[in-house]
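Survey of secondary and tertiary structure
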Amino acid sequence: MENLLNEQIIEILACPRCKSGLTDFICEKCNLEFPIANGVPILINEANSVFKFEDFVAVKETTYKKSTGFRKFIKRLIPSINLNVNSKQRFELFFSRFKAEKPKVLIIGGAFEGEGFNAEGIPKDVILLETDVAFGSRTSLICDGHDLPFRNETFDGVIIQAVLEHVLEPIRCVNEIHRVLKHDGIVYSETPFMQQVHAGKFDFTRFTHLGHRRLFRQFTEIESGAACGTGMALAWSYCYFLQSFFTSKLLGQIAFAFGSLTSFWLKYFDYLLIKKPGIYDAASGYYFLGQKSAEVLNDEELLKSYKGMIY
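Residues numbered from 1 in each chain as written. Predicted model: local features only at pLDDT ≥ 70, side-chain atom pairs only at ≥ 80, totals over all residues. Heavy atoms only, no water.

A word on the packing of aromatic side chains. Per the counting criterion, the structure on display carries 19 aromatic pairs. When the centroid spacing of 6.1 Å and the interplanar angle of 50° are considered together, the rings of Phe51 and Phe56 count as tilted. For the pair Phe51 and Phe56, a shared accessibility class is recorded, and that class is buried. Between Phe95 and Phe98, the aromatic rings sit 6.1 Å apart at their centres with planes inclined by 70°, giving edge-to-face as the arrangement. You can call Phe95 buried: its relative accessible area is 9%. (Phe/Tyr/Trp six-rings, centres within 6.5 Å; stacked < 30°, edge-to-face > 60°. Buried < 20%, exposed > 50% of the residue type's maximum accessible area, 1.4 Å probe, protein only.)

So this is what it looks like as structure tokens:
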């Protein structure tokens, strides 16, 4: 598995503003020059982004806040309330769909490995490009999902895991994914439903199962369903309930830690419940695996695909 800006990646880069080619990170058409910080190219369309070049040149924290050593230590002691059920199998299915040699896979929001994703476990011939609007241990390129800095139809696959809730215009980002994927390209997406705010001011939207499916109406569904179940949703709600009693951040964090210690076991019910009909109405989050299509799913067909129990 390759994970670097090699020649095959450099040749598909484009200006995020006008989509023209780049020479030494300068747009060949609009002459916009893109900076490099910490060895990472910053390819954002400043005019259409909440982030600025100066943020990254100064290596400022954007969407991620670094934890102190003490907080990291405490976090390791407290059981997580998160559980992404069967994610390993879903990623195996995603990577099994590629037919091309050395398939190029774009990860949007890949500063750190997502829940259940193991970069070391993917096929060795995959060319993986991990991008984000934040510096992280795996960030190879800074870019904004609203204006992806790549030529049309260049990637075999795109992974966008727990990102679309954090963008201002999810449909614009999905349209960009559709644009940069090859005609038979594969997308894997996860979005939250029953989750509280988890990225402060960078958290905007939640999606039902059908709402998530409609975002990807220009894709043929391969598989979809709940990624994180109702047990995890209940644990989250309980922890945030305890935290809401306090105005002090420190006391709120202590309350959340207590909630995690006393409710983490709820997530294990999700192994039992993840395929039940009721999960489609109340899951913590959903996934969609699909293939780029020339056709658009109409809303009549969308409504027929409802699998829940409300009606």
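Having put the structure on the table, let's press on.
Compared with the 21 Å implied by 1.5 Å per residue over 15 residues, the 21 Å span of helix α8 (residues 249-263) between its first and last C-alpha is a close match. Listed in full, the buried residues belonging to α8 are Gly252, Ala255, Ala257, Gly259, Ser260 and Ser263. In this structure Ser248 caps α8, since a side-chain oxygen of it lies 3.3 Å from the backbone nitrogen of Leu250. (Helix = DSSP H or I, 4+ residues; strand = E, 2+ residues; numbered from the N terminus. Expected span 1.5 Å × (residues − 1). Polar contact = N/O pair within 3.5 Å; in protein donor to acceptor, adjacent residues only side chain to side chain.)

Turning our eyes to something else, we now look at the sheet that holds strand β7 (residues 141-142). Across the sheet, which stays open at both edges, the seven strands sit in the order β7-β6-β5-β8-β9-β11-β10 with mixed pairing between neighbours. Two strands in the sheet have a free side with no partner beyond their single neighbour: β7 and β10 (219-228). One ladder, built from six bridges, connects strand β8 (residues 155-161) with strand β9 (residues 181-192); its direction is parallel. Residue pairing across strands places Ile160 opposite Ser189, the latter belonging to β9. (Pairing = 2+ DSSP bridges.)

Worth remembering: the numbers are spatial, not functional.
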